[in-house]
Amino acid sequence: MNSVILNPSREAFSLNNWLALEHHLWKELKENSLLDQKILVGFSGGVDSLSLLWSLHRVKKTGIYACYVHHGTGGDEEYRDHAESFCRKFCEIHEIPFYNRKNLGAVLNSEAELRDFRRGSLTEVRLQIMADVLALAHHREDLLETRLLRLIRGTGPQGLMAMKVLQAECFRPFLKISKNDLKDYLKEFSLEAVQDPTNNDLKPLRNWLRQSWLADLENRQKGAVNSLARSLEILVETFEECSLPLEVFKDNYLSRPHYLALSKAQQKQALAQYLLGFQQQNFSQSLLEEIQKRLDNSQKELTFRIGGANWLVNAQQILVQKSE
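Since the model is a prediction, treat every value here as computed from it, not as a measurement.

### A look at unusual backbone geometry
Okay, step 1: Positioned with a positive phi, Ser33 is a non-glycine residue whose angle comes to about 55°.
Okay, step 2: Take Ser33: it is sitting in the loop between α1 (15–31) and β1 (39–42).
Okay, step 3: Looking at Ser33, the relative accessible area reads 55%, which means it is exposed.
Okay, step 4: Although it is not a glycine, Ala168 sits at a positive phi angle of roughly 50°.
Okay, step 5: By the secondary structure assignment, Ala168 is in the loop between β5 (166–167) and β6 (170–171).

### Quick word on the packing of aromatic side chains
Okay, step 1: For the structure on display, the rule yields 7 aromatic pairs.
Okay, step 2: On the numbers, 5.8 Å between centres and 75° between planes, the contact of Trp54 with Phe189 is edge-to-face. Residue Trp54 is located in helix α2 (residues 47–60), and its partner Phe189 is located in the loop between α7 (179–188) and α8 (205–220); the two are separated by 135 residues in the primary sequence.
Okay, step 3: Under the relative-accessibility criterion, Trp54 is labelled buried at 0%.
Okay, step 4: Phe189 sits in the buried class, given a relative accessible area of 0%.
Okay, step 5: Look at Tyr274 and Trp311: their rings are 6.2 Å apart centre to centre, the planes differ by 65°, and that puts the pair in the edge-to-face class. Placement of the pair is Tyr274 in helix α11 (residues 264–277) and Trp311 in strand β9 (residues 309–313), with a sequence separation of 37 residues.
Okay, step 6: Tyr274 sits in the buried class, given a relative accessible area of 6%.
Okay, step 7: Among the aromatic residues, those joined into a ring-pair cluster are Phe43, Trp54, Phe86, Phe90, Tyr185 and Phe189.

### Here we look at helix α5 (residues 140–153)
Okay, step 1: When the terminal C-alpha atoms of α5 are compared, their 20 Å separation across 14 residues agrees well with the 20 Å that a helix rising 1.5 Å per residue should span.
Okay, step 2: Buried within α5 we find Asp142, Leu143, Leu144, Glu145, Thr146, Arg147, Leu148 and Leu149.
Okay, step 3: Count one or two residues on from α5 and you reach Gly154, which has phi positive near 105°.

### Comments concerning a positive patch on the surface
Okay, step 1: On the surface, Arg115, Arg118, Arg119 and Arg153 cluster together into a positively charged patch.
Okay, step 2: When residues in the positive patch are grouped by element, the largest group, 3 residues, is from helix α4 (residues 111–129).
Okay, step 3: The exposure class assigned to Arg153 is exposed, which follows from its relative accessible area of 64%.

### What to know about the sheet that holds strand β2 (residues 64–70)
Adjacent strands of a sheet form backbone hydrogen bonds with each other and so pair up, either parallel or antiparallel.
Okay, step 1: In spatial order, the strands read β3-β2-β1-β4-β6-β5; together these 6 strands make up an open sheet with mixed pairing. The open sheet has two edge strands, β3 (98–102) and β5, and neither has a second partner.
Okay, step 2: In terms of strand pairing, β2 meets β3 through 5 bridges, oriented parallel. Note on β3: the bridge partner recorded for His70 is Lys102.
Okay, step 3: The strands touched by α2 within the sheet are β1, β2 and β4 (133–135), with β1 carrying the most contacts at an inclination of about 155°.
Okay, step 4: Strands in contact with helix α3 (residues 77–93) are β2 and β3; relative to β2, the strand with the most contacts, it is inclined by about 165°.

Conventions adopted
Residues numbered from 1 in each chain as written. Predicted model: local features only at pLDDT ≥ 70, side-chain atom pairs only at ≥ 80, totals over all residues. Heavy atoms only, no water. Helix = DSSP H or I, 4+ residues; strand = E, 2+ residues; numbered from the N terminus. Buried < 20%, exposed > 50% of the residue type's maximum accessible area, 1.4 Å probe, protein only. Phe/Tyr/Trp six-rings, centres within 6.5 Å; stacked < 30°, edge-to-face > 60°. Expected span 1.5 Å × (residues − 1). Patch = residues over 30% accessible without salt bridge, like charges linked within 9 Å, V, L, I, M, F, W, Y side chains within 5 Å. Areas by Shrake-Rupley, 256 points an atom, 1.4 Å probe, with all protein chains shown as cover. Salt bridge = Lys/Arg side-chain N within 4 Å of Asp/Glu carboxyl O. Lys, Arg positive; Asp, Glu negative; His and termini not counted. Charge placed at Lys NZ, Arg CZ, Asp CG, Glu CD. Pairing = 2+ DSSP bridges. Contact = heavy atoms within 4.5 Å. Axes fitted to C-alpha atoms, helices over the stretch in contact; angles between N-to-C directions.

In structure tokens, the structure reads:
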């Protein structure tokens, strides 16, 4: 079984690769107010969770904990023992507090049973150590597979929303990052993950989608998987944008409390609708994003000028005034 080089060299790596991922992680931590919070990482030793734990360890430095969940007897118990040992040793060397939980009861057979035990165990540890969130390493392909599974089983627009970056004490910062990006990230540090042999079993529908159907689609038409993922993402964003509460819009301003309660996609749509109401149609997506950044401010009152207009903000309102 694969192992890890536990003391990776930090001398020879490409800034364009590892720095971009870590900057993305830092932004997600900042935007979700988690830079100073205690985070428990679900750590299996695979590519995804190893990338998450290592990047959090580098970016955040402190307040990071890891937990391995052993599913017990049944399946490939030798792999599970090896993965647990791998995770424990990695954390010991890098001085990351490590916890583990093991199923000592009946054999867990179905994907649902395994998932429920894993999630319950991680939640138990999170509450025990009083961590603010549980970090999970779901990436872009995981999100696509979840959406496809829901479409196959029957769902509406709400079901396509699936996972979010921060949702019910779960933090998933890699939802826009591909599996290949995570593999490249680990290569920069000469880190090698353990490989779960159950991923090659095509009986579970998710594995078949990943290993067979999506792989065949990509072989048939290069770039199709990324296009499919982006199309579903656009549908979700459109659904979110069409669901703006009326309370956001006042006579000539936006309600700041209601604006702050919106998702990032909804905030951008609210700003677009607000500017259209002032017959301002020459704004770009980058301008909207820059306005969002300016409004992402804890000050009770602020003013700024952007896009040829003055913005006046207080605790209750966001008001734009055209320049004379």
